[in-house]
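Overview (structure and organization)
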Amino acid sequence: MQQNGAGEANGEPPPLSSAAPLQMAASRVRRFAQEGRTVPPQPRVMVVFSAASDSDTPGDAMSGADSAEEEHRKPAKPVPNLHLGKSLCTLDAPEEFPEVIPLNVGGTYFTTRLSTLRRFEDTMLAAMFSGRHHIPRDAEGRYFIDRDGAYFGDILNFLREGELPQRDRVRAVHREAQYYALGPLLESLEDTQPLTGEKVRQAFLDLLPYYKDNLERIVEIAKLRAMQRKARFAKLKICVYKEEMPITPYERPLFNSLRFERSESEAKLFEHHCEVDVSFGPWEAVADVYDLLHCIVSDLADRGISADQQCIGVCDKHLINHYYCKRPIYEFKITWW
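A brief report on the enclosed structure follows. (Residues numbered from 1 in each chain as written. Predicted model: local features only at pLDDT ≥ 70, side-chain atom pairs only at ≥ 80, totals over all residues. Heavy atoms only, no water.)

1. Observations concerning unusual backbone geometry
Among all residues save glycine, negative phi is the norm, and among peptide bonds the norm is trans. In the segment running from Q193 into P194, the intervening peptide bond is cis, with an omega of 5°. Among the secondary structure elements, P194 is positioned in the loop between helix 9 (183–190) and helix 10 (195–205). Residue P282 is bonded to the preceding G281 through a cis peptide linkage, with omega at 0°. Here P282 shows up in the loop between strand 5 (278–280) and helix 13 (289–302). Positive phi is not limited to glycine here, since A181 has a value of about 55°. By secondary structure assignment, the location of A181 is in the loop between helix 8 (170–179) and helix 9. (Helix = DSSP H or I, 4+ residues; strand = E, 2+ residues; numbered from the N terminus.)

2. Quick notes on the sheet that holds strand 1 (residues 100–105)
By definition, the strands of a sheet pair up through backbone hydrogen bonds, in either a parallel or an antiparallel sense. Spatial strand order, 2-1-3: three strands in an open sheet with mixed pairing. Every other strand in the sheet has two partners, leaving strand 2 (108–113) and strand 3 (143–145) as the edge strands with one partner each. The sheet shows a mean angle of 30° between the axes of neighbouring strands, taken without regard to direction. Two elements, strand 1 and strand 2, share six bridges in a ladder whose sense is antiparallel. Residue V100 lies in a different strand from strand 2, and its bridge partner there is R113. (Pairing = 2+ DSSP bridges. Axes fitted to C-alpha atoms, helices over the stretch in contact; angles between N-to-C directions.)

3. With respect to the environment of P194
A residue is classified by how much of its surface remains accessible, and P194, at 16% relative accessible area, is buried. When the C-alpha positions of P194 and R169 are compared, they lie 10.0 Å apart, and in sequence the two are 25 residues distant. Not counting chain neighbours up to four residues away, the residues in contact with P194 comprise R167, V170 and R171. (Buried < 20%, exposed > 50% of the residue type's maximum accessible area, 1.4 Å probe, protein only. Contact = heavy atoms within 4.5 Å.)

4. Brief notes about the sheet that holds strand 6 (residues 306–314)
The four strands are arranged 5-4-9-6 in an open sheet whose pairing can be described as mixed. The outermost strands of the open sheet, each flanked by one partner alone, are strand 5 and strand 6. Averaged over all pairs of adjacent strands, the angle between strand axes in this sheet comes to 30°, irrespective of strand direction. Bridging between strand 6 and strand 9 (residues 328–335) involves eight bridges; their strand directions are antiparallel. Within strand 9, the position partnered with S306 by the bridge is T335. Seen against the sheet, helix 11 (residues 211–229) touches strand 4 (233–240), strand 5 and strand 9 and runs at an angle of roughly 150° to strand 4. Contacts from helix 13 reach strand 4, strand 5, strand 6 and strand 9, with the element oriented near 15° to strand 9.

5. Some words on the packing of helix 10 against helix 13
Packing of helix 10 against helix 13 leaves a shortest axis separation of 11 Å and a crossing angle of 115°. Our pair here, helix 10 against helix 13, has a crossing hand that is left-handed. Packed against helix 10, whose contacting residues are R201, F204 and L205, the element helix 13 presents L292, C295, S298 and D299 at the interface. Across the contact of helix 10 with helix 13, the residue classes break down as four nonpolar, one polar and two charged. (Left-handed = near helix turned anticlockwise from the far one by under 90°. Nonpolar A, V, L, I, M, F, W, Y, C, P; charged D, E, K, R; others polar.)

6. A few points about the pattern of salt bridges
Taken as a whole, this structure holds eleven salt bridges when the rule is applied. The shortest N-O distance in the salt bridge between K223 and E220 comes to 3.6 Å. Taken together, the residues span about one helical turn, with K223 and E220 both in helix 11 at a distance of three residues. The residue R225 makes a salt bridge to D277 at a minimum N-O spacing of 3.1 Å. Taken together, the positions of R225 in helix 11 and D277 in the loop between helix 12 (264–269) and strand 5 put the pair 52 residues apart, joining distant regions of the chain. (Salt bridge = Lys/Arg side-chain N within 4 Å of Asp/Glu carboxyl O.)

7. As for the side chain of D154
Mapped onto the fold, D154 is located in helix 7 (residues 152–161). The class of D154 is buried, set by a relative accessible area of 13%. Setting aside residues up to four positions removed in sequence, D154 forms contacts with E163, P165, R169 and V173.

Function cannot be inferred from these measures alone, as they are strictly geometric.
In structure tokens form, the structure reads like this:
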């Protein structure tokens, strides 16, 4: 008490504890209640609790209040929604399918069992109807697949009982099986005609890596030539030869086969380009010139281009001594309409 009096004598206010404002407010409320007076509205008091540290001292009450006020003025940080994960799980939950599935494939309607579509696991159809992916529906509730439905019946027939399509539908069904990643059907189709023959033919054409480029050149040259001449058709000269080196009948008796070796300097004497539009050869295979001609004509026909060919002679370019080129030259007639 003497210390408090001394402090008041010196003109210094007595130190206030952190609980002093709450005690003073409570005494005022009791006094107003005894006198029957209306209690005035009390100011709101914000109490900030913070962890004590070594730097905290009893004299930091005012500084603590200032820091609390600054924290109160800062913009609020977004609080993560604890229920957001549950809503996402609901959206990502596996979809339940009925046992009988109505389908709309490019406007063609099909109906099949769910087990039929899931017969092979590593396929697009099994993945689509696994429940992990969203499948749109049409106005009548059918599951919609944006694909031509002309050959989807063949896909379902294979899934149901392993039935393969007719030969004239094999190529088209093979393309659809590639789209749906239906491996077992692809393997079965590739072991049937005409795809088996196509594999054998392609093994031969792989010996001519420039084959497709030359085919494009034939089409482009024939188109430009017909347009320039305002003609219905165009004619091209195409050289097709099999031998590695040009030979003449005089050489044949000297060798047991068409393959023979020449030195590098001699080989350069035989290097030349025939005066033709496109040239195919040489290659090493049993298939001969007529087999390659058949490939060229049939591939053009697959593109809707009519082509006729006939041999019009050989290249008579003189090379060295009594050696002449003698590569056969064929005239191709490309008809556009």
